Amino acid sequence: MSAAPEPGLEQQPNRWPVPPEGGWTADDLDRIPGLPPHTELIDGRLVFMSPQPKFHTRAMWLLESALLTHVPVDLDVDREMTIRLDRRNRPEPDLLVYRAEADTGADQTWYAPEDVVLAVEVVSPDSEERDRGVKPRKYAEAGVRHFWRVEQGPDDLPVVYVYELDPATDTYTPTGIHRKKMNLDVPFPIDVDLTEIYRRGRP
């Protein structure tokens, strides 16, 4: 038998829970019943993800495969896991690289920003404002050292915008824009053929 929802978290038929005064908190995200998959918390507000286009799915697959191939043994890669930035913010990057020792097991639902080495956002039509402005600003202020923003180019191939944290200002500095090929030395050496997004390595 499942536990009853906590007071104030009951969900009415065909309605989402009404936020408490001051908004939801990071802990609430694990307790609110019936939330859609991949719900984020931004400034105390629940953000729901719309169905994603094929580009989004394939870009995630391509970069996840590349990261897993190149990541050193003291780091690991997850997709669609939240980062608990503070009490009112738990955004969910599409991909993240984190310190392997921060893995607490199969029931883990978030990582602390100090354990995250890289956050990756693949931009969709409904997430442009968040992925280009709100979320990278919050990642930087929380100390996430590296950030990639992935956009769909006019040829339907990924364009990867790479940023590195300036610790003096807690803001991201752009370090490159990558089309067709991405070859980086930080946060670890990685080489990606971005044209493979639809081929999956097939001839």
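Heads up: these notes are all about the structure in this document. As the structure is a prediction and not an experimental result, all values here were calculated from the model.

### Looking at the nonpolar core
Piece 1. Leu63, Leu67, Val97, Trp148 and Met182 are the most contacted members of the largest nonpolar core, which totals 28 residues.
Piece 2. Within the residue set of this core, elements represented by two or more residues are helix H1 (54–70), strand S3 (75–79), strand S5 (95–99), strand S7 (116–122), strand S8 (146–152), strand S9 (158–166), strand S11 (181–184) and strand S12 (190–193).
Piece 3. Counting residues per element, this core draws most heavily on H1, which supplies seven residues.
Piece 4. Not counting residues within four places of it along the chain, the set of residues in contact with leucine 63 comprises Leu95, Val120, Trp148, Val150, Met182, Val192 and Leu194.
Piece 5. Counting 18 residues, the second largest nonpolar core, distinct from the first, contains Ile83, Tyr111, Val116 and Leu165.

### Some remarks on the sheet that holds S8
Piece 1. One open sheet holds the six strands; their spatial order is S3-S5-S7-S8-S9-S10, and the pairing between them is mixed. The outermost strands of the open sheet, each flanked by one partner alone, are S3 and strand S10 (171–179). Strand-to-strand twist of the sheet, defined as the mean angle between neighbouring strand axes without regard to direction, takes the value 20°.
Piece 2. In this sheet, S5 lies alongside S3 in antiparallel orientation, the contact comprising five bridges. Residue pairing across strands places leucine 75 opposite arginine 99, the latter belonging to S5.
Piece 3. Of the strands in this sheet, S7, S8, S9 and S10 touch helix H2 (residues 128–142), which is tilted by about 170° from S8.

### Describing the pairing of S9
Piece 1. By the criterion of burial, S9 is predominantly enclosed, with seven of the nine residues buried.
Piece 2. Bridge count for S8 against S9 is seven bridges, and the pairing is antiparallel. Bridging from a neighbouring strand, glutamate 151 pairs with valine 159 of S9.
Piece 3. From the end of S8 to the start of S9, which pair antiparallel, there are five residues, and aspartate 156 there has a positive phi angle of about 70°.
Piece 4. Where S9 lies against S10, eight bridges are found, and the strand directions are antiparallel. Counted as the bridge partner of valine 160 is histidine 178 from S10.
Piece 5. Linking S9 to S10, which pair antiparallel, is a turn of four residues; within it aspartate 170 sits at a positive phi near 55°.

### Considerations on the packing of aromatic side chains
Ring pairs (aromatic) are described by centroid distance and by the angle formed between their planes.
Piece 1. Using the criterion set out here, one finds five aromatic pairs in the structure.
Piece 2. Ring centres of tyrosine 98 and tyrosine 111 lie 4.2 Å apart, and the angle between their planes is 25°; this geometry places the pair in the stacked category. Note that tyrosine 98 is positioned in strand S5 and tyrosine 111 in strand S6 (residues 110–111), a separation of 13 residues in sequence. In this structure, tyrosine 98 and tyrosine 111 share a single accessibility class: buried.
Piece 3. Taken together, a centroid distance of 5.9 Å and an interplanar angle of 40° make the contact between phenylalanine 147 and tyrosine 163 tilted. Taken as a pair, phenylalanine 147 in strand S8 and tyrosine 163 in strand S9 lie far apart in primary sequence, 16 residues in all. Here phenylalanine 147 and tyrosine 163 have matching classes, each one buried.
Piece 4. In textbook terms, an aromatic cluster arises when at least three aromatic residues are bridged by ring pairs, as seen for Tyr139, Phe147, Tyr163 and Tyr172.
Piece 5. The ring of tryptophan 110 is capped by arginine 84, whose NZ or CZ atom sits 5.4 Å from the centre of that ring.
Piece 6. Here the basic side chain of arginine 149 rests over the ring of tyrosine 161, its NZ or CZ set 4.2 Å away from the ring centre.

Parameters at a glance
Residues numbered from 1 in each chain as written. Predicted model: local features only at pLDDT ≥ 70, side-chain atom pairs only at ≥ 80, totals over all residues. Heavy atoms only, no water. Core = buried A, V, L, I, M, F, W, Y, C linked by side-chain atoms within 4.5 Å. Buried < 20%, exposed > 50% of the residue type's maximum accessible area, 1.4 Å probe, protein only. Helix = DSSP H or I, 4+ residues; strand = E, 2+ residues; numbered from the N terminus. Contact = heavy atoms within 4.5 Å. Pairing = 2+ DSSP bridges. Axes fitted to C-alpha atoms, helices over the stretch in contact; angles between N-to-C directions. Phe/Tyr/Trp six-rings, centres within 6.5 Å; stacked < 30°, edge-to-face > 60°. Lys NZ or Arg CZ within 6 Å of the ring centre and 35° of its normal.

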